[in-house]
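# Observations on the model geometry
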Amino acid sequence: MDRRTVLGMLAGTVWAGGATGLGKGVFVLPDLGSTSTALVTGDGLFLVDSGMVEQVGDLERETRALGARIGVLFNTHWHFDHTGGNVRVGTGGARILAHENVRRRLSETTRIDFYKRTDRALPAVGRPGEVFGADGGVMTFGGERIRYVHYPVAHTDGDGTAHFENADVLCVGDLFFNGMYPFVDYSTGGSLAGMIRAVEGLARVAGAGTRIVPGHGPVGSRAELLAFGEMLAGVRERVTGLMKGGRSLRGVKEGRPTREFDGRWGGGFFNGEEFVEMIYRGERGR
Ligand SMILES: [Zn+2]
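Residues numbered from 1 in each chain as written. Predicted model: local features only at pLDDT ≥ 70, side-chain atom pairs only at ≥ 80, totals over all residues.

### Focus: the sheet that holds strand β12 (residues 159-164)
Selection rule: In this analysis, strands are considered paired if DSSP registers two or more bridges between them. For the purposes of this entry, the term helix denotes a DSSP run of H or I that reaches at least four residues, the term strand denotes a run of E that reaches at least two, and both are numbered from the N terminus. For helices, the axis comes from a line fit to the C-alpha atoms of the stretch in contact; other axes are also lines fit to C-alpha atoms, and the angle between any two N-to-C directions lies between 0 and 180 degrees. By definition, residue pairs are in contact when their C-beta atoms, positioned from the backbone, come within 7 Å.
The mixed open sheet is built from 5 strands, whose spatial order is β10-β11-β12-β13-β14. Sheet topology places β10 (137-141) and β14 (211-216) at the edges, where each strand pairs with a single neighbour. Taking the axes of each pair of neighbouring strands and ignoring which way they run, one obtains an average angle of 25 degrees across the sheet. Against the sheet, helix α6 (residues 192-205) contacts β11 (144-151), β12 and β13 (169-177), and its axis sits at roughly 165 degrees relative to β13.

Written as structure tokens, this is what we have:
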């Protein structure tokens, strides 16, 4: 690769493959079952999330096109659609970093009740070798400062965000589904109230110009994140209100608690009824 191409890539203006440049060396990769972000530097590539195992070939092709070797992989949480490339990336020699609960989940058989899905432990090479706790941390990589923060009891019990501070790109994993109702994994320590708190915390970190990379959906803004948080709070208030009245799941659905939100948020993984059912079962099981 010639010097001009390298400089162009570092500036986020020249690249091969299907990634979208956000500037200052940050790229969002084409969908791999979830959204992965790459920071390309002269010291290698810092990758956030590794997609689904079925798309590991795409991950390799895209990162190769960016022309830098993966030095660090950061996992925003343990779910299969964010850690499917971990074994391949770890085998390639990258360090893997995540919240300590991600390592724990990836080290044992884990069940997601809502999807009736069971995931076996990953081989050790695909698990985070470096973990952080409640206090998060900061790393300098290729001249960029990357701050990572843990948000407890939210989408899962191990959600971590990575903020490229100089580029002002905030990778938040599944704490944010941009434009659609989210999955909340009550089976592994998530809760809707915790998701709402996490969004409030993210809104304090993000500025008006921050690009926020969600786990699913297009790159968003602080305003879009706030709209997502308002929707979550509105749905929670209505569903828990109907539940306090002692209604069955059917009765809660008949109350149509998502009516005003379905137009904007009900066209993704879940429609309004499915989202209500997930919240109802999750809240009742707590
Ligand atoms: Zn997830």
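The structure having been displayed, the exposition proceeds.
### Focus: the sheet that holds strand β6 (residues 95-99)
A sheet is described by the order of its strands in space; here 7 strands give the open sequence β1-β2-β3-β4-β5-β6-β9, paired in mixed fashion. At either margin of the open sheet sits one strand with a lone partner, and together these are β1 (20-23) and β9 (130-132). When strand polarity is set aside, the average angle formed by the axes of neighbouring strands in this sheet is 20 degrees. Where β1 lies against strand β2 (residues 26-28), 3 bridges are found, and the strand directions are antiparallel. Directly across from G21, in β2, lies its bridge partner F27.

### Description of helix α2 (residues 56-65)
What counts, and what does not: With C-beta atoms placed from the backbone, a residue is buried if 20 or more other C-beta atoms are within 10 Å of its own, exposed if 12 or fewer are, and partly exposed between those counts. The directions from the helix axis to the C-beta atoms are what the arc is built from.
Of the residues making up α2, those classed as buried are D58, L59, E62 and T63. Around the axis of α2, the buried residues are gathered within 125 degrees of arc, so they sit on the same side. Buried residues along α2 sit against β3 (37-41), β4 (44-48) and β5 (70-74). Looking one or two places after α2, you find G67, whose phi comes out positive at around 80 degrees.

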